[in-house]
Amino acid sequence: MAMTGVLRPGHAQIRVLDLEEGINHYGKVLGLIETGRDSQGRVYFKAWDERDHNSVILREADTAGIDFFGFKVADQATLDKLDRDLQAYGLKTERIPAGELLETGERVRFEVPSGHQIELFWEKSDYGTDDTYTNPPPWTDEAERGIAPIRLDHCLLYGPDIEKVQDIFCKVLGFYLVEHVIMEDGKTDLAIWLSCSTKAHDIAFVRHPEPGKLHHVSFLLESWEKVLRAADIMSMNKVSIDIGPTRHGITRGTTIYAFDPSGNRFETFCGGYQCYPDWKPVRWTWDEVGTGIFYHDRKLNERFLTVVS
Ligand SMILES: [Fe+2]
């Protein structure tokens, strides 16, 4: 097995102001499949082509935002090793017992200097069916219900000290820098895109004074046509669209940014190139940051830098 260590984004727990509105948005409009509810009132979803029990968990709260973002790692030995490595680096880690999240094993949680709670886990119940593993059809009815992304893909988080965050993700967790945007001073990073795989990003950070903020959680679609279809479904359901359909210069993905009913931004996107850890990072200069973020508009909209949850 070539892929070891941290495998991929596994789950995001998102705070919503009204649970029923959230269930309608993530279940009917986005088209995720509800897979469970727990004694705390949290509601669990997966995308149609995901095999694990859950990837999006909604928690009703007084403020919107993200509680934590979790990565799946290869096995128990990897989980234990990364826990030790994080502590050796100087971070405090916490073990969350198996079952605290439905159908999910023990998690290792730690806070990164941007103020975000990051988790590692390796066990989550397989939700595949016979159709998943034996003579599978290319898609199912659920692949046509709502926007119907393939999977939870990545998130973009806003907070301070992103160079320290990059150090932890790259030196301890085995990620690598794929792209970055440099500020007006020509040296400080405004934003970083990090990968633990061959995806152009598995997590990204933008420098921001307030810690722990969510810019967006992103869901992968199969084609540019499905991005257009997603925009149609958003308008049919009066979803507040931030921008798009358009294209990012950074990662080359095609994209729509929109807001859930609680004001959490989400992205439905397609594409983005494949990269490898030996590649040198791509750098975007301050004068071209607009082109990097929105390739067609070639300028940032004010909301991109200021509206977070
Ligand atoms: Fe994104």
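Note that the structure is predicted; figures quoted are calculated from it, not measured.

Colleague: How would you explain the overall build of the chain if you had to name every residue and give the values?
Modeller: For the chain, the count of helices and strands is seven helices and 17 strands. The C-alpha radius of gyration of the chain comes to 18 Å, within 12% of the 19 Å expected for a compact globule of 309 residues. Principal axes of the C-alpha set define a box for the chain whose edges measure 55 × 50 × 45 Å. Buried positions account for 56% of the 309 residues belonging to the chain. Within the chain, contacts between residues separated by at least 24 positions form 66% of all contacts whose residues are at least 6 apart in sequence. Surface accessibility of the chain: about 13800 Å² in total, with carbon and sulfur atoms responsible for 50%.

Colleague: Describe the pattern of salt bridges, and please don't skip the residues or the numbers.
Modeller: Across all of its chains, the model carries 24 salt bridges by this definition. A salt bridge links Asp67 to Arg15; the shortest N-O distance between them is 2.8 Å. Of this pair, Asp67 sits in strand E5 (residues 65-73) while Arg15 sits in strand E1 (residues 6-16), and the two are 52 residues apart along the sequence. There is no split in this pair, since Asp67 and Arg15 are both buried. When the shortest N-O distance is used, the salt bridge between Lys213 and Glu210 registers 3.7 Å. In this structure Lys213 comes out as buried when scored by relative accessible area, which is 18%. Glu210 gets classed as partly exposed once you look at its relative accessible area, which sits at 41%. Among the charged side chains, a network of salt bridges with common partners joins Asp38, Arg42, Glu100, Arg107, Arg109 and Glu119.

Colleague: Please set out helix H1 (residues 19-29) residue by residue, giving values where relevant.
Modeller: Here H1 has its buried residues at Leu19, Gly22, Ile23, His25, Tyr26, Gly27 and Val29. Near the N-terminus of H1, the side chain that reaches the backbone nitrogen of Glu20, with its oxygen 3.1 Å away, is that of Asp18. At the exit of H1 stands Gly31, carrying a positive phi of roughly 85°.

Colleague: Go over the nonpolar core with me, naming the residues and quoting the values.
Modeller: Leu120, Phe169, Leu173 and Ile203 are the most contacted members of the largest nonpolar core, which totals 59 residues. Apart from residues no more than four positions distant in its own chain, Phe169 is found in contact with Phe71, Val112, Ile118, Gly174, Phe175, Leu194, Ile203 and Phe205.

Colleague: Can you tell me about a negative patch on the surface, naming the residues and giving the values?
Modeller: A cluster of acidic side chains, namely Asp18, Glu20, Glu21, Glu60 and Asp62, defines a negative patch on the protein surface. Examined against the element boundaries, Glu20 turns out to sit in helix H1. Judged by its relative accessible area of 53%, Glu20 falls in the exposed class.

Colleague: Can you tell me about the packing of aromatic side chains, naming the residues and giving the values?
Modeller: Counted according to the given criterion, the structure contains 10 aromatic pairs. Both rings, one in Phe69 and one in Phe71, keep their centres 5.3 Å apart while their planes meet at 80°; by these two values the pair is edge-to-face. Of the two residues, Phe69 and Phe71, both sit in the buried class. Measuring from ring centre to ring centre gives 5.7 Å for Phe294 and Phe304, while their planes differ by 85°; the resulting arrangement is edge-to-face. Pair noted here: Phe294 is in the loop between helix H6 (289-293) and helix H7 (302-306) and Phe304 is in helix H7, with a separation of 10 residues, a long-range link. Accessibility assignment for this pair places Phe294 and Phe304 in one class, buried. Among the aromatic residues, ring-to-ring pairing joins Phe69, Phe71, Phe169, Phe175 and Phe205 into one connected group. Directly above the ring of Phe121 sits Lys124, whose terminal nitrogen or CZ lies 4.7 Å from the centroid.

Colleague: Report on the coordination of the iron ion, specifying residues and quantitative values.
Modeller: The iron ion binds to the protein through His154 (NE2), His216 (NE2) and Glu267 (OE), with metal-donor distances spanning 2.1 to 2.2 Å. Mapped onto the sequence, the residues coordinating the iron ion show the spacing H-x61-H-x50-E. You can see His216 sitting in strand E13 (residues 213-220) and its partner Glu267 sitting in strand E16 (residues 265-270), a full 51 residues away along the chain. For the pair formed by His216 and Glu267, the shared burial category is buried.

Colleague: Which residues make up the environment of Lys299, and what are the values?
Modeller: With respect to the helices, strands and loops of the structure, Lys299 is situated in the loop between H6 and H7. Relative accessible area serves as the criterion here: at 56%, Lys299 is assigned to the exposed category. C-alpha separation for the pair Lys299 and Phe269, spaced 30 residues apart in sequence, amounts to 19 Å. If we skip the residues at most four places from it in the chain, Lys299 touches Gly290 and Phe294.

Definitions and limits used
- Residues numbered from 1 in each chain as written.
- Predicted model: local features only at pLDDT ≥ 70, side-chain atom pairs only at ≥ 80, totals over all residues.
- Heavy atoms only, no water.
- Helix = DSSP H or I, 4+ residues; strand = E, 2+ residues; numbered from the N terminus.
- Rg over C-alpha atoms; globule rule 2.2 N^0.38 Å.
- Buried < 20%, exposed > 50% of the residue type's maximum accessible area, 1.4 Å probe, protein only.
- Contact = heavy atoms within 4.5 Å.
- Areas by Shrake-Rupley, 256 points an atom, 1.4 Å probe, with all protein chains shown as cover.
- Salt bridge = Lys/Arg side-chain N within 4 Å of Asp/Glu carboxyl O.
- Polar contact = N/O pair within 3.5 Å; in protein donor to acceptor, adjacent residues only side chain to side chain.
- Core = buried A, V, L, I, M, F, W, Y, C linked by side-chain atoms within 4.5 Å.
- Patch = residues over 30% accessible without salt bridge, like charges linked within 9 Å, V, L, I, M, F, W, Y side chains within 5 Å.
- Lys, Arg positive; Asp, Glu negative; His and termini not counted.
- Charge placed at Lys NZ, Arg CZ, Asp CG, Glu CD.
- Phe/Tyr/Trp six-rings, centres within 6.5 Å; stacked < 30°, edge-to-face > 60°.
- Lys NZ or Arg CZ within 6 Å of the ring centre and 35° of its normal.
- Donors = N, O, S within 2.8 Å, 3.2 Å for Na, K, Ca; no water.

Geometric values such as these leave the question of function open.
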